[in-house]
Amino acid sequence: MNERIGKTVSKSTMLASVELPADFKLLNQQYRGLVQALLADIDLLPIRVEVAPTQTGNFRGFDPAKFYVVVSGTVSVRYADRAVYLLEEGDVLLPDIAGSRDTEAAVFYGSEAGASLNSYSALEFMQQVFARPSTTKLWTRLLVTYSGMMLRLTAMQTPVDVITTPGFALYEPEEIIINQGERAQYVFNLTSGLADVLVDDVPVGIISPGEIFGAMAALTHADRSATVRARSRCSVVKVPTSQFTELIKNNPATIHALLTDMANSIVSLNEQLVQKRGGSGGAGTDTQGGGDA
C-alpha cells in the first residue's frame, strides 16, 4: 500500500488515500513477505486474468470463489463511491462477499490503466493452507497482519474521535429543567413529555419530544435566557456544553435538528408578536417550540 493516491512512490506499499503512519508501512512490508512465503508454500498453478482499463476505475466482476494476486498494474478498491486504496504488484485481492448481492453495500474493484492478476481457486488454496501446520501459521500471520493494516487505514480515514458522555434525567410535572439566568452546563434533548418555556415567568412556548433545547446559551457562552419547566413527566438526554460544540461539528444530523428547532422557535415568536399587535391579549401556553433557553 503506497502513501497517497496519485503520488509517485516506490513499489513497496499499498496506495492509500491518506497519509499513513510508519507502523503501517512496516506492517505492509511484513505482509508482502508473508504473501510471497505463502505462495511459495502453495503448490497451485495460477490462471492469469487480464483486467481491461476502465475510465472510472470502478467495476465489479471478480469471482468470489477465487483469490487474486496483482502481478502488474494497479487495482482500485472503492466503497460508498469513494476510492479507499489501490492494490499493486504483490498485493492480494480477496473479493468482497458481504456486499455481493447489494450494490449499495458492495465493494467495487477496477483499474484505470489495466492490470494483470494471478487467480487461484479459493477452495483448493485453503485446502493446501490447512494441510500443513507451517502453511497454516503463515496464513494466520498474514490475516493478523492484514487486519492490523486495515485497522490503521480505517483510523486514518476516520474523523477525530469525539467522545460524548450524555446523561439521562427524569423530571416530574412542575420541576425546573433550566433556570433563566443560570450558566449553561448542558444541552438537552427531550425524549418524552412536554415542557413549558417561560421568560420572566411568562409562558412563551412548549418543547415537544425530539426537540433540542438549551443550545443557544451553550454556543454563545451566555446565561440562560429562559426557564424550561416540565409540564408532564419529562425524560431528557443531557450533553455537557464542553462537548456539544465538537458534537455538532462531527454530526450533521444534530446540526439539522438544531437548526430546525431554532427556525420553529423564530416562527413561533413571530406569531406571538403578531397576536400581541392584534390585541390578542398576549402569548398563549399552547404555542409550539418557543424559546431556546
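Throughout, a residue's number is its position along its own chain's written sequence, starting from 1. Whole-chain, interface and lining totals are the exception, using all residues; otherwise, since this is a predicted model, local features are given only for residues with pLDDT of at least 70 and side-chain atom pairs are given and counted only at 80 or more. Water and hydrogen atoms were dropped before computing side-chain values, which therefore reflect all heavy atoms in the structure.

### Some points on the packing of aromatic side chains
For Phe, Tyr and Trp, where Trp contributes only its six-membered ring, two rings pair if their centres lie within 6.5 Å, and the inter-plane angle classes them as stacked under 30 degrees, edge-to-face over 60, or tilted in between. Going through the model one piece at a time under the given rule, you end up with seven aromatic pairs. When the centroid spacing of 5.2 Å and the interplanar angle of 10° are considered together, the rings of Phe-188 and Phe-213 count as stacked. Placement of Phe-188 in strand β11 (residues 186-192) and of Phe-213 in strand β14 (residues 212-213) is noted, with a sequence separation of 25 residues between them. The class of Phe-213 is buried, set by a relative accessible area of 2%. Each helix corresponds to a stretch of at least 4 residues labelled H or I by DSSP, and each strand to a stretch of at least 2 residues labelled E; elements are numbered beginning at the N terminus. Throughout this description, buried means an accessible area under 20% of the type-specific maximum (1.4 Å probe, protein chains only), exposed means over 50%, and partly exposed covers the range between.

### Thoughts on the sheet that holds strand β8 (residues 115-121)
Strand pairing in a sheet relies on backbone hydrogen bonds, with the paired strands running either antiparallel or parallel. We treat two strands as partners when DSSP finds at least two bridges between them. The sheet built from four strands is open, its strands ordered β2-β8-β3-β6 with antiparallel pairing. Whereas interior strands pair on both sides, the edge strands pair on one side only; in this sheet they are β2 (47-51) and β6 (92-93). Alignment of β2 against β8, held across five bridges, turns out to be antiparallel. Bridge pairing in β8 places Ile-47 opposite Ser-119. Packing of helix α2 (residues 122-129) onto the sheet brings it into contact with β3 (66-73) and β8, and relative to β8 it is tilted by some 65°. Note on contacts: a residue pair qualifies if any of its non-hydrogen atoms lie within 4.5 Å across the two residues. Every axis corresponds to a line fitted to the C-alpha atoms, with the helix fit spanning only the stretch in contact, and the corresponding angles, defined between N-to-C directions, vary from 0 to 180 degrees.

### With respect to the pairing of strand β5 (residues 82-87)
Bridging between strand β4 (residues 75-79) and β5 involves five bridges; their strand directions are antiparallel. When the bridges of β5 are listed, Tyr-79 appears paired with Arg-82.

### A few points about the pairing of strand β13 (residues 202-207)
In the case of a regular strand, side chains alternate between the two sheet surfaces. In this sheet, β13 lies alongside strand β12 (residues 195-199) in antiparallel orientation, the contact comprising five bridges. Opposite Leu-198, over in β13, you have Pro-203 as the bridge partner. Here β12 folds back onto β13, and the loop between the two strands holds two residues, one of which, Asp-200, carries a positive phi near 55°.

### Considering unusual backbone geometry
What is expected of a backbone is that most residues other than glycine have negative phi and most peptide bonds are trans. Even without a glycine there, the phi angle at Glu-174 is positive, about 80°. As for its placement among the helices and strands, Glu-174 is situated in the loop between β9 (167-171) and β10 (176-178). Unlike most non-glycine residues, Asp-200 shows phi in positive territory, near 55°. Mapped onto the elements, Asp-200 comes out in the loop between β12 and β13.

### Concerning the sheet that holds β9
Read across the sheet, four strands follow the order β9-β16-β11-β14 without closing on themselves; strand pairing throughout is antiparallel. For this open sheet the edge positions go to β9 and β14, each flanked by a neighbour on one side alone. Here β11 runs beside strand β16 (residues 234-240); their pairing, made up of six bridges, is antiparallel. Note that in β16 the partner of Val-187 across the bridge is Val-239.

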